[in-house]
Amino acid sequence: MHVSRRSLLGLAGASASALALGACGDGGSGKDGKTTVNWWHISNTDPMLSVWAALAKDFEAKHPDVTIKITPLENEAFKSKLTTVTQGGSPPDLFSTWGGGVLKQQVDAGLVKDLTADFTSLADTFTPLSTQPYRLDNKVYGVPFDLGMVGFWYNKELFGRAGIASPPDTWTGLLDAVRKLKAAGITPIALAGGDKWPGHYYWAYLAMRIGGLDVLKQAGADAKFDKPEFVAAGTKLKELVDLAPFQKGFLAATYGSPDGQAATMGNGAAAMELMGQWAPSVQNDTSTNKKGIGDKLGFFPFPAVEGGKGAVTEAFGGGNGFAVGRNAPPATIEFLKFLVQVDNQRKAAATGAVVPVVKGAEDAIKDPNIAAVQKTLAAATGFQLFLDQAYPPAVGQQVNDSVAELIAGKASPQQVVRAVTDAAHK
Amino acid sequence: MLLTSSADPDRVGTGPVRSDAVRRQRARRRRVRWPVLAFLVPALLLFGLLVLVPIILAAYTSLFKWNGFGGLPTNFVGLDNFRRLLTDPIFLADLWHGLILIVLSAAVQLPLALGLALLLNQRLRGRGVYRVLFFAPYVLSEVITAVLFTMVFSPNRGLANQVLRVFGAGDVGATWLADPSTVLYVVFLVMTWKYFGFHMILYLTGRQNIPAELTEAAAIDGAGDWQTFRHVTLPLLGPTIRVSLFLSVIGSIQLFDLVWVLTVGGPVHASETMAVTMFQYGFRRYEVGYASAISIAMFVISLVFALAYQRFVMRRDIEGALTTMGGGQR
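Values in this document were obtained by computation on a predicted structure and should not be read as measured data. (Residues numbered from 1 in each chain as written. Chains lettered and ligands numbered in written order. Predicted model: local features only at pLDDT ≥ 70, side-chain atom pairs only at ≥ 80, totals over all residues. Heavy atoms only, no water.)

**Things to note about the overall build of chain B**
When helices and strands are tallied, chain B shows 14 helices and zero strands. Moving toward the C terminus, one meets the helices and strands of chain B in the order α-α-α-α-α-α-α-α-α-α-α-α-α-α. The buried share of chain B, taken over its 330 residues, is 42%. In chain B, the share of contacts with a sequence separation of at least 24, taken over all contacts with a separation of at least 6, comes to 66%. (Helix = DSSP H or I, 4+ residues; strand = E, 2+ residues; numbered from the N terminus. Buried < 20%, exposed > 50% of the residue type's maximum accessible area, 1.4 Å probe, protein only. Contact = heavy atoms within 4.5 Å.)

**Structural notes on the overall build of chain A**
Of the regular secondary structure elements, chain A holds 18 helices and 11 strands. Rg of the C-alpha trace for chain A: 22 Å, near the compact-globule value of 22 Å for 426 residues, within the 12% margin. For the C-alpha atoms alone, the extent of chain A along its principal axes is close to 70 × 70 × 45 Å. Burial statistics for chain A: of 426 residues in total, 57% are counted as buried. Sequence-distant contacts in chain A: of pairs separated by 6 or more residues, those separated by 24 or more amount to 76%. With the model as given, the accessible surface of chain A reaches about 16400 Å², and the carbon-plus-sulfur share is 54%. Here chain A carries 40 positive and 40 negative side-chain charges, and the mean point of each set is 4 Å from the other. (Rg over C-alpha atoms; globule rule 2.2 N^0.38 Å. Areas by Shrake-Rupley, 256 points an atom, 1.4 Å probe, with all protein chains shown as cover. Lys, Arg positive; Asp, Glu negative; His and termini not counted. Charge placed at Lys NZ, Arg CZ, Asp CG, Glu CD.)

**Some words on the environment of Tyr281 of chain B**
Residue and element names in this part refer to chain B. Secondary-structure assignment places Tyr281 in helix H12 (residues 274–284). Exposure remark for Tyr281: the relative accessible area of 6% places this residue in the buried category. The spatial distance from the C-alpha of Tyr281 to the C-alpha of Ser292 is 9.1 Å, given a sequence separation of 11 residues. Here Tyr281 is in contact with Arg84, Asp88, Ile90, Tyr286, Glu287, Val288, Tyr290, Ala291 and Ile294, once residues within four sequence places are set aside.

**What to know about the sheet that holds strand S7 (residues 151–155) of chain A**
To summarise the sheet geometry, strands pair through backbone hydrogen bonds and adopt either a parallel or an antiparallel arrangement. Residue and element names in this part refer to chain A. With antiparallel pairing, the three strands of this open sheet are ordered in space as S8-S7-S9. Two strands close off the open sheet at either side, each with one partner strand: strand S8 (272–275) and strand S9 (297–300). The average angle at which neighbouring strand axes cross in this sheet is 25°, direction not considered. Here four bridges tie S7 to S9, and the two strands are oriented antiparallel to one another. Across the sheet, the residue bridging to Asn155 is Leu297, located in S9. (Pairing = 2+ DSSP bridges. Axes fitted to C-alpha atoms, helices over the stretch in contact; angles between N-to-C directions.)

**Brief notes about the nonpolar core**
Residue and element names in this part refer to chain A. Residues Trp203, Leu237 and Met272 are the most contacted members of the largest nonpolar core, which totals 118 residues. Looking at this core element by element, the count peaks at nine residues for helix H8 (residues 197–211). If you count residues domain by domain, this core takes at least three from each of domain 1 (29–148 + 318–384) and domain 2 (151–316 + 387–425). Look past the residues within four positions of Met272 in its chain and what remains in contact with it is Phe152, Trp153, Tyr154, Phe159, Leu174, Val178, Leu181, Pro188, Ile189, Ala190, Met265 and Phe300. (Core = buried A, V, L, I, M, F, W, Y, C linked by side-chain atoms within 4.5 Å. Domains from an automatic or database assignment.)

**Structural notes on the confidence of the model for chain B**
Residues and elements named next belong to chain B. Averaged over every residue, the pLDDT of chain B is 85; the share at 70 or more is 85%. Of all helices and strands in chain B, the one with the weakest mean pLDDT is helix H1 (residues 2–7) (41), whereas helix H4 (residues 89–119) scores best (95). Segment residues 1–15: pLDDT under 50, and one contact once partners within four positions in sequence are set aside and those in other chains are kept. Contacts for the low-pLDDT stretch residues 323–330, under 50 throughout, to residues beyond four places or in other chains number four contacts. (pLDDT = per-residue confidence, 0-100.)

**Observations concerning the confidence of the model for chain A**
In this model, chain A carries a mean pLDDT of 87, and residues with pLDDT of at least 70 account for 92%. Per-residue pLDDT stays below 50 along residues 1–30 of chain A; that stretch engages in 52 contacts with residues further than four places along the chain or on separate chains.

**Re the side chain of Glu287 of chain B**
Inspection of the secondary structure assignment puts Glu287 of chain B in the loop between H12 and helix H13 (288–313). Owing to a relative accessible area of 11%, Glu287 of chain B belongs among the buried residues under this scheme. Glu287 of chain B has contacts with Ala394 of chain A together with Trp66, Arg84, Tyr281 and Gly282 of chain B, leaving out every residue within four places of it along the chain.

**Re the UniProt feature "transmembrane region" (unreviewed entry) in chain B**
All names here are of chain B. According to UniProt, the positions carrying the feature "transmembrane region" (unreviewed entry) are residues 34–60, 95–120, 132–153, 183–204, 245–268 and 288–309. A distance of 33 Å separates the end C-alpha atoms of residues 34–60, which is 100% helix and 0% strand. Secondary structure content for residues 245–268 is 67% helix and 0% strand, while the C-alpha to C-alpha distance between its ends is 30 Å. (UniProt positions renumbered as here; feature names shortened; annotations may be inferred.)

**So, the layout of surface pockets**
By volume, the second largest pocket amounts to about 1100 Å³. What lines the second largest pocket is a set of 43 residues, among which Gly101, Gly220, Ala390, Tyr391 and Pro392 of chain A lie closest to the centre. Put simply, the parts of the chain that give the lining of the second largest pocket at least two residues each are helix H4 (100–108), strand S4 (135–136), helix H9 (213–222), strand S11 (382–385), helix H17 (393–407) and helix H18 (413–425) of chain A together with helix H3 (80–87) and H13 of chain B. Considering each element in turn, the lining of the second largest pocket owes the most residues, five residues, to H9 of chain A. (1 Å grid on protein atoms, 1.4 Å probe; cavity = no way out; pocket = protein on both sides within 12 Å on 5 of 7 lines; lining within 4 Å. Points joined across faces, edges and corners; volume = space filled by probe spheres on them.)

**Description of the domain arrangement of chain A**
Residues and elements named next belong to chain A. Domain assignment breaks chain A into domain 1 (29–148 + 318–384) and domain 2 (151–316 + 387–425). The interface is formed by 20 residues belonging to domain 1 together with 19 residues belonging to domain 2. A buried area of about 1700 Å², summed over both sides, lies between domain 1 and domain 2, and 58% of it is on carbon and sulfur atoms. At the surface where domain 1 touches domain 2, the tally comes to zero salt bridges. Connecting domain 1 to domain 2 are five residue pairs in polar contact (both at pLDDT 80 or more). Contributions of two or more residues to the side of domain 1 that touches domain 2 are made by H4, strand S6 (143–149), helix H15 (368–378) and S11. Ranked by residue count, the leading element in the side of domain 1 that touches domain 2 is H15, at five residues. Taken together, the residues of the side of domain 1 that touches domain 2 sort by class into eight nonpolar, 11 polar and one charged. (Buried area = accessible area lost by both parts, 1.4 Å probe. Salt bridge = Lys/Arg side-chain N within 4 Å of Asp/Glu carboxyl O. Polar contact = N/O pair within 3.5 Å; in protein donor to acceptor, adjacent residues only side chain to side chain. Nonpolar A, V, L, I, M, F, W, Y, C, P; charged D, E, K, R; others polar.)

**Here we look at the pattern of salt bridges**
Overall, the coordinates contain 15 salt bridges over all chains when judged by the stated rule. Arg346 of chain A is the salt-bridge partner of Asp363 of chain A, the closest N and O atoms lying 3.0 Å from each other. Separated by 17 residues along the polypeptide, Asp363 of chain A in the loop between helix H14 (342–350) and H15 and Arg346 of chain A in helix H14 bring together distant segments of the chain. Arg346 of chain A sits in the partly exposed class, given a relative accessible area of 29%. Salt-bridge contacts for Arg84 of chain B lead to Glu287 of chain B; the nearest nitrogen and oxygen are separated by 2.8 Å. Taken together, the residues Arg84 of chain B in helix H3 and Glu287 of chain B in the loop between H12 and H13 connect sequence positions 203 residues apart.

**So, the side chain of Thr86 of chain A**
Residues and elements named next belong to chain A. Its place among the elements puts Thr86 in helix H3 (residues 75–87). By relative accessible area, Thr86 is classed as buried at 1%. Among the polar contacts made by the side chain of Thr86, one reaches the main-chain carbonyl oxygen of Leu82 at a distance of 2.7 Å. Engagement of the side chain of Thr86 in a polar contact is seen with the backbone oxygen of Thr83, the distance being 2.9 Å.

**Structural notes on a nonpolar patch on the surface**
Residue and element names in this part refer to chain B. On the surface, a nonpolar cluster with roughly 490 Å² of combined accessible area is contributed by Trp34, Val36, Leu37, Leu40 and Leu44. Note that Leu37 resides in helix H2 (residues 9–61). When its relative accessible area of 36% is taken as the criterion, Leu37 is described as partly exposed. (Patch = residues over 30% accessible without salt bridge, like charges linked within 9 Å, V, L, I, M, F, W, Y side chains within 5 Å.)

**Observations concerning the environment of Ile189 of chain A**
Residue and element names in this part refer to chain A. With respect to the secondary-structure elements, Ile189 resides in the loop between helix H7 (171–183) and H8. On the basis of relative accessible area, Ile189 is assigned to the buried category, the value being 0%. Here the alpha-carbon distance between Ile189 and Lys291, two residues 102 residues apart in the chain, equals 20 Å. Here Ile189 is in contact with Val178, Tyr202, Leu240, Pro245, Phe246, Gln247, Ala270 and Met272, once residues within four sequence places are set aside.

**Some remarks on the pairing of strand S10 (residues 314–324) of chain A**
All names here are of chain A. Across the 11 residues that make up S10, a large majority, 11, are buried. Residues Glu314, Phe316, Gly318, Asn320, Phe322 and Val324 point to one face of S10 and Ala315, Gly317, Gly319, Gly321 and Ala323 to the other, with burial holding for every one of them. In this sheet, S10 lies alongside strand S3 (residues 94–97) in antiparallel orientation, the contact comprising four bridges. Counted as the bridge partner of Ser96 is Phe322 from S10. Relative to S10, S6 runs antiparallel, the two being bridged by six bridges. By the bridge assignment for S10, Pro144 is matched with Gly321.

Structural data, given as structure tokens:
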């Protein structure tokens, strides 16, 4: 009896504790005249961890009455922790955001400060596409510090060995390349099927290339995804999946683990991956020799689909920015302005971990791969934010889930669009 | 009346004395009650705050469509979330996965633990070392266990695959974590690895509480090993087995950390449990109302099971152990 009753109560606690995780934010400004700015960011590893810390020190030196309290968090931990503190109604003063659907929910709940008045004068200092994810209903709710895009990262040596002269620029060309690589005994594509989000890049890009950017915007607005363009995207993706192009065990693979997508590329065990601008640095970090494949690595944009309405110059990706919590002291905005000064952007760009968004900072990029991304982005004619960020989280996650099912051969293209539409209506 | 009383002085004398004693006892009990309650207050407060309030809050939230941001929910939807549960293929699959894990635990994990416990109860060289070794996995945190096994079952460089390769069977598998049809059994394997030691210790303690006289008597009566086990050891281990089975079932229903780190419920939800689904909806999709409904469903399932199990299976173990205030004196 003793044992069972206790475990019963334990159970009750466990099932409810997810909702009981209390708010654990700190107060804003102290009474001793010193202002504290609580800053949560997700650069929990170097180089950016140190860069942010150094910039905060610089700012404190210039503003002795301000203390910047930094809380670096791992990406997923950040999401969970932010959810719990915002449930308590007290967001941090300054925190990471990717704009789009999640930011919109936070804005609707009145948790985020409207920055329109403070940043309109600075709007021209940013590259045009970069501020887009943070502009909601013609108001500014966040400030970018980097913007990147997704494209194919490929191993030039393996492409050469398979007899592929130049990177494919059409979907048919890509399928041909996959066939050639397979024939040469090379794993064509590395994919983190366990993480789901890397898979959604394919579906989203195909929908963009087939239907154009407007189709994706419209679908988000009227919550309808059961359109021929999205079905066609699924059908094209299935053509690729049917060639069995992915590495062994890809359905359980995660992106950053020692046997995951990035490591498979970094160890030269697969010929390409579809990934964002951070790919080269993660490949290097996760590869066995910690150096990746060096200058054998190349970048090409997602190919065009024959007969599609979308242009190859339209980019899909996302960036990192910061939002300001509703109770933040005024110094927060001063600090944010300081972070996006061109000199400070240069410091961030010099690390190779950030594609800068402030005009004039691009000359600090040393890494040729990052420079290639920056150049493609600068010439981009349109931009689509990651779907799991652009749409409300329930819809974005359903896209990830359903596309993962399609890739695993457990759902048809029609089932994918139906499930996503259903999720949008729940 | 008078006659009897004079003829039986004892009865006359004791009557009022006894009722007096009862009255005094009752009064003492009443007096005792207040200090007892006073001392219970901190515990009751904590219990209420950390257990009752969250349950009530979860139940309340489960009636709303709510994304979890800001204040309390406002969009009341009645029982819609629960209706959705009954048609959600992922949740229904969770129930199925839970059942498979429970049945496998009862059929494989617990007998294994029992067998090892009996084995380690024998005179055996290095018995203590074995006991520690078998119990060690239980001491590890679930997260560490799961990380360990993602490495073991890593498709290319994992230990499992290396071993298979040594035996010339490199292509047999070791992509079991990536295969929707096998992943749940890998989860079960890891669960077993982690928890059999715990159940083994339970059984070992239970076994050592069986007086040696009984097994000796059985031996003198000519019972063989199997007969002794079947007719002496097993029945006397009954209470321990029932508790162990109970813990195992509740553990399977609540399974989260291990699955979350090992597979995140994938591929394609093939290893998802109720708790994982709850987390996915609550913290990935921000459908906190629906996630609360899942947590309430989990709670009700566990509660019903726990009550039914105690009522029907563990009744004889707990008879007399159920105490009411002052009941022990009656």
